[in-house]
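Overview (structure and organization)
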Amino acid sequence: MVAAETPIAQVLLQAVNVKKVFGRGDNAVTAVKNIDLSIRRGSMIALKGRSGSGKTTLLNLLAALDQPTEGQVYYDGRVISELPEKQRSTWRRTHLGLVFQAFGLIPLMSAYENVEFGLRIAGSNPALHKERAEQALDWVGMKSRMKHRPPELSGGEQQRVAIARAIAHRPALLLADEPTAELDSRMGLQVIKVFRDLVENLGMTIVMTTHDPGIMEIVDHVIALEDGEIVVEPNV
Ligand SMILES: Nc1ncnc2c1ncn2[C@@H]1O[C@H](COP(=O)(O)OP(=O)(O)OP(=O)(O)O)[C@@H](O)[C@H]1O
Ligand SMILES: [Mg+2]
């Protein structure tokens, strides 16, 4: 997050008065509301909150996977939330890395092929695919298992392959939904160190949801959600 006086050019991602309601009438669920936030380029942000507090909903709105019922999401000063799906999907492929709560790997492809497939979808230079895929797998400690398919890997190993796929094309923005949920605390911290290096060395901007207090100490800012709203915590 940034202070009100932060120059606009330093803001990569912004949500203005965002609200998301699922369903209608008696079945309507307001998943998030009154969301105003600005995320500075090259910062690392954690989103925390109880189960059902709206973390995944907010992340999906920031990723333009879903559209707000009210309000707008801006990326680099342009509204992305109101673009047609085709343009949103092109934007996602080129600017975004995504790590989902359910990893979304393709079961018939090896770890390497999953990561390489992500590079192809992102349209990155084919001459760099091998090097970038292997490097990303190495960053998360999965290079030695890269020939294995997801069903042959543990949950934590699959999660690390999903992270490698999300970062291999070096997106400007990484949105990760509980990227360390399946990892023990040591491996979780190792992945966060990789994230920190990407922020420091490539200027990547990272927003991730987490329940891990150790990770909240490492990020630049923590945004807390309660019943779909951002709660400002007193500095203690
Ligand atoms: N497609 C949907 N239709 C109806 N309600 C939904 C839908 N998606 C999410 N919700 C509701 O919106 C609220 C926020 O859900 P969300 O998945 O964002 O929570 P979360 O903070 O990510 O929780 P968790 O920590 O369990 O992943 C919940 O009450 C949930 O049931
Ligand atoms: Mg969630």
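Residues numbered from 1 in each chain as written. Chains lettered and ligands numbered in written order. Predicted model: local features only at pLDDT ≥ 70, side-chain atom pairs only at ≥ 80, totals over all residues.

Here the focus is the environment of E131. By the secondary structure assignment, E131 is in helix 4 (residues 129-139). Taking the C-alpha atoms as reference points, E131 and S185, 54 residues apart in sequence, are found 29 Å from one another. (Helix = DSSP H or I, 4+ residues; strand = E, 2+ residues; numbered from the N terminus.)

Taken together, F22, G23, V29, A31, G49, S51, G52, S53, G54, K55, T56 and T57 are the residues near ligand 1. Of all the secondary-structure elements, those providing two or more residues to the shell around ligand 1 are strand 2 (29-40) and helix 1 (55-62). No other element matches helix 1, which puts 3 residues into the shell around ligand 1. (Near = placed C-beta within 6 Å.)

Right, let's talk about the sheet that holds strand 2 for a bit. If you trace the 4 strands from one edge of the open sheet to the other, you get 2-1-4-5, paired in antiparallel fashion. What marks the edges here is a single partner per strand, and that holds for strand 2 and strand 5 (78-79). Summarising the sheet, strand 4 (residues 70-75) and strand 5 pair through 2 bridges and their orientation is antiparallel. Opposite Y75, over in strand 5, you have R78 as the bridge partner. This element, helix 1, spans strand 1 (11-22), strand 2 and strand 4 of the sheet and lies at about 125 degrees to strand 1. (Pairing = 2+ DSSP bridges. Contact = placed C-beta atoms within 7 Å. Axes fitted to C-alpha atoms, helices over the stretch in contact; angles between N-to-C directions.)

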